[in-house]
2 protein chains.
Amino acid sequence: RQEGGREMAAWARAVRGLLLDVSGVLYDSGGDGGVPIAGSVEAVRRIKASGLKLRFCTNETQATREKFVKKLQGMGFDISVAEVTAPAPAACRILKERSLRPHLLVHNDLVPEFAEIDKANPNCVVIGDAAENFTYANLNEAFRVLIGMEKPVLISLGRGRYYKETDGLKLDVGAYMKALEYACDVQAEVVGKPAKAFFESALAEMGVPPQEAIMIGDDIVNDVGGAQRCGMRALQVRTGKYRPCDENHPHVKPDAYVNNLAEAVDIILQQL
Amino acid sequence: RQEGGREMAAWARAVRGLLLDVSGVLYDSGGDGGVPIAGSVEAVRRIKASGLKLRFCTNETQATREKFVKKLQGMGFDISVAEVTAPAPAACRILKERSLRPHLLVHNDLVPEFAEIDKANPNCVVIGDAAENFTYANLNEAFRVLIGMEKPVLISLGRGRYYKETDGLKLDVGAYMKALEYACDVQAEVVGKPAKAFFESALAEMGVPPQEAIMIGDDIVNDVGGAQRCGMRALQVRTGKYRPCDENHPHVKPDAYVNNLAEAVDIILQQL
């Protein structure tokens, strides 16, 4: 839309770095695979050629970054593990800093991210999108670990409500986080978008201050709202989980809308 | 404790009816069975002999009232189905009044309570303590039914956080209710304690006004707080899920504490 482009012209010249959400911006997920969104493979290549700093900023917790990156490379994307900011490594930093030993309620494929973390005699619970691991028994077990602590510590890899897969909508980690929060009367510490510390670590990794960075995402709250609260500009793409009603969101207004990543990159590169 | 007795003297003379919580007051549950709390079988008999009206007011949703009552009779209690106020029949009244057709996420043993309810083409979700039925697949299914509605209607049979069984603590219906509330951005309608309408229907069934009724329970929030908000007096027993820290609860203060149901009945019958 022209409107998006005009609005952006004023401030996009200062941009030195881009943060890209992945699912719903680069590709549409479904079951075990995924399909690139038209123009996105080329858009990533153009960003890299432009000299802009680039960081992939995802809440993905169903796979290690290695596996996740391999899937994206298989779709044709120019992406490496070192360019990805994801909740599990951020959680590992917190666990080490505070000498926390987690009980993990996460997807089997995420467990290797915690390989170097001491998990004996747990003094906190880390919950991710555990998918099939969200069994009655596993939820009770995580609950018992928490309620057995004097001050329960619950770390949640994101706070998403739900997401779509080819076989339908699925409850996301945020729903199970709320269940444990209520049962134990605690507030989870959220790692991942929209946590401020998560965006800040992505910016630090790029070496770009927030006012010179743009976040591009499909999630009005977690991508756009979260990035704006860190002082970044944020664009919402009209792909992935975008819904027209997002444009009437009561609290969050993107700095501009774009139809997709390719259009965002067109406009941004024109301003340079 | 004497203190409880003295506090009660002033107002217990007006009492005409008693509401008794069941689990933790009459018996301690565990696995498939349960053990009567010392003196409770005799206490129920004495209440009936005294001419006081009596109603059993439970949030039990893991079995039909028939099965539940049979279990209590097996422990020696003088109790019949007609004396029990429970969430499932209360929910059935609401479903009929509002022409709601439920998708059920409840314990298998509770399903017969909904035998006469039309469940085709559901326009609401009813959630109870489904226990082993709280699977990832069943939770996603209930979520999809809700999120597919223009205005999701979620009816929850209680809002308990957790309870204890012989093999350990278990998440109660309230935790799963919170998960669905968050995912769908709705507020559940709670049937069962501490809902005002639930206590009121128990009082109506006894034909006793709230100021002439006493609730006796082990749960500071659901039994004591709920009954007091209806204008009843409420005693907390020091059995079942009672914990010493309940006596410092920030919002709820029972009208008196008693060590157990037998002591409560001693004191109340002395005032008559």
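What you are looking at is a predicted structure, and each value in this text was computed from that prediction instead of being measured. (Residues numbered from 1 in each chain as written. Chains lettered and ligands numbered in written order. Predicted model: local features only at pLDDT ≥ 70, side-chain atom pairs only at ≥ 80, totals over all residues. Heavy atoms only, no water.)

Caption draft 1: Spotlight on the overall build of chain A. The secondary structure content of chain A amounts to nine helices and 14 strands. Radius of gyration (C-alpha) of chain A: 19 Å, near the 19 Å computed for a compact globule of 272 residues. For chain A, the spread of C-alpha atoms along the three principal axes comes to 55 × 35 × 35 Å. When each of the 272 residues of chain A is scored for burial, the buried share is 57%. (Helix = DSSP H or I, 4+ residues; strand = E, 2+ residues; numbered from the N terminus. Rg over C-alpha atoms; globule rule 2.2 N^0.38 Å. Buried < 20%, exposed > 50% of the residue type's maximum accessible area, 1.4 Å probe, protein only.)

Caption draft 2: A look at unusual backbone geometry. Cis rather than trans, the peptide bond between lysine 193 of chain A and proline 194 of chain A has omega equal to 5°. Structurally, proline 194 of chain A can be placed in the loop between strand 11 (189–191) and helix 7 (196–206). With a phi angle near 50°, serine 99 of chain B is a residue other than glycine that sits in the positive phi range. Mapping serine 99 of chain B onto the fold places it in the loop between helix 4 (87–97) and strand 6 (102–105).

Caption draft 3: Broad picture of the relation of the copies chain B and chain A. The transform that puts chain B on chain A rotates by 180° and translates by 0.0 Å along the axis, for an RMSD of 0.0 Å. Expressed as a symmetry operation, the mapping of one chain copy onto the other fits a two-fold axis. (Least-squares fit on C-alpha atoms with pLDDT ≥ 70 in both.)

Caption draft 4: The arrangement of the sheet that holds strand 13 (residues 233–237) of chain A in detail. All names here are of chain A. With parallel pairing, six strands are arranged side by side in an open sheet as 5-4-1-12-13-14. If you trace the sheet from one side to the other, it starts and ends with strand 5 (84–85) and strand 14 (256–258), each paired once. The pairing of strand 12 (residues 213–217) with strand 13 spans four bridges and is parallel. For isoleucine 214, the partnering residue across the bridge sits in strand 13 and is arginine 233. In the packing of helix 9 (residues 261–271) onto the sheet, contacts are made with strand 1 (17–20), strand 12, strand 13 and strand 14, and the angle to strand 12 comes to roughly 160°. (Pairing = 2+ DSSP bridges. Contact = heavy atoms within 4.5 Å. Axes fitted to C-alpha atoms, helices over the stretch in contact; angles between N-to-C directions.)

Caption draft 5: Expanded view of the interface of chain B and chain A. If you look at the interface, chain B gives 28 residues, while chain A gives 28 residues. For the pair chain B and chain A, the summed buried area comes to about 2700 Å², and 62% of that belongs to carbon and sulfur atoms. Taken as a group, Tyr136, Leu171 and Tyr182 of chain B account for 33% of the area that chain B buries against chain A, more than any other trio of residues on that side. Applying the counting criterion to the chain B and chain A interface returns zero salt bridges. For the pair chain B and chain A, the number of links is eight residue pairs in polar contact (both at pLDDT 80 or more). Those elements that provide at least two residues to the side of chain B that touches chain A are helix 5 (136–147), strand 9 (162–165), strand 10 (168–171) and helix 6 (173–184) of chain B. With eight residues, the single largest contributor to the side of chain B that touches chain A is helix 6 of chain B. Along the lines of polarity and charge, the residues of the side of chain B that touches chain A split into 16 nonpolar, four polar and eight charged. (Buried area = accessible area lost by both parts, 1.4 Å probe. Salt bridge = Lys/Arg side-chain N within 4 Å of Asp/Glu carboxyl O. Polar contact = N/O pair within 3.5 Å; in protein donor to acceptor, adjacent residues only side chain to side chain. Nonpolar A, V, L, I, M, F, W, Y, C, P; charged D, E, K, R; others polar.)

Caption draft 6: Fine view of the environment of serine 201 of chain B. Residues and elements named next belong to chain B. Along the polypeptide, serine 201 turns up in helix 7 (residues 196–206). The spatial distance from the C-alpha of serine 201 to the C-alpha of valine 224 is 17 Å, given a sequence separation of 23 residues. In this view, serine 201 contacts Thr85 and Arg93; residues no more than four positions away in its chain are not counted.

Caption draft 7: Local environment of the confidence of the model for chain A. In this model, chain A carries an average pLDDT of 93, and 95% of its residues clear a pLDDT of 70 or more. Confidence metrics for the complex model read pTM 0.87 and ipTM 0.87. (pLDDT = per-residue confidence, 0-100.)

Caption draft 8: Structural detail: the pairing of strand 6 of chain B. Residue and element names in this part refer to chain B. Of the two faces of strand 6, the one holding Pro102 and Leu104 and the one holding His103 and Leu105 are both buried throughout. With four bridges connecting them, strand 6 and strand 7 (residues 124–127) associate as parallel partners. Looking at the pairing, proline 102 lines up with cysteine 124 of strand 7.

Caption draft 9: Layout of the packing of helix 5 of chain B against helix 6 of chain B. Residues and elements named next belong to chain B. Where helix 5 contacts helix 6, the two axes come as close as 10 Å, and the packing angle between them is 40°. It follows from the interaxial angle that helix 5 and helix 6 lie oblique. Crossing hand, helix 5 versus helix 6: right-handed. Of helix 6, the residues touching helix 5 (which contributes Leu139, Ala142, Phe143, Leu146 and Ile147) are Tyr176, Leu180, Ala183 and Cys184. For the contact of helix 5 with helix 6, a count of residues per class yields nine nonpolar, no polar and no charged. (Parallel < 35°, antiparallel > 145°, perpendicular 65-115°, else oblique. Left-handed = near helix turned anticlockwise from the far one by under 90°.)

Caption draft 10: Structural context of helix 7 of chain A. Residues and elements named next belong to chain A. Buried residues of helix 7: Phe198, Phe199, Ser201, Ala202, Leu203 and Met206, and no others. Close packing links the buried residues of helix 7 with strand 1, strand 4 (53–57), strand 5, helix 4 (87–97), strand 12 and helix 8 (220–229). Positioned one or two residues after helix 7, glycine 207 has a phi angle of 70°, which is positive.

Caption draft 11: How the structure looks around the pairing of strand 4 (residues 53–57) of chain B. Residue and element names in this part refer to chain B. Along strand 4, four of the five residues are buried, which leaves the element largely enclosed by surrounding structure. Note: strand 1 (residues 17–20) against strand 4, four bridges, orientation parallel. By the bridge assignment, leucine 19 is partnered in strand 4 with arginine 55. Relative to strand 5 (residues 84–85), strand 4 runs parallel, the two being bridged by two bridges. Each residue of the ladder has a partner; that of cysteine 57, found in strand 5, is threonine 85.

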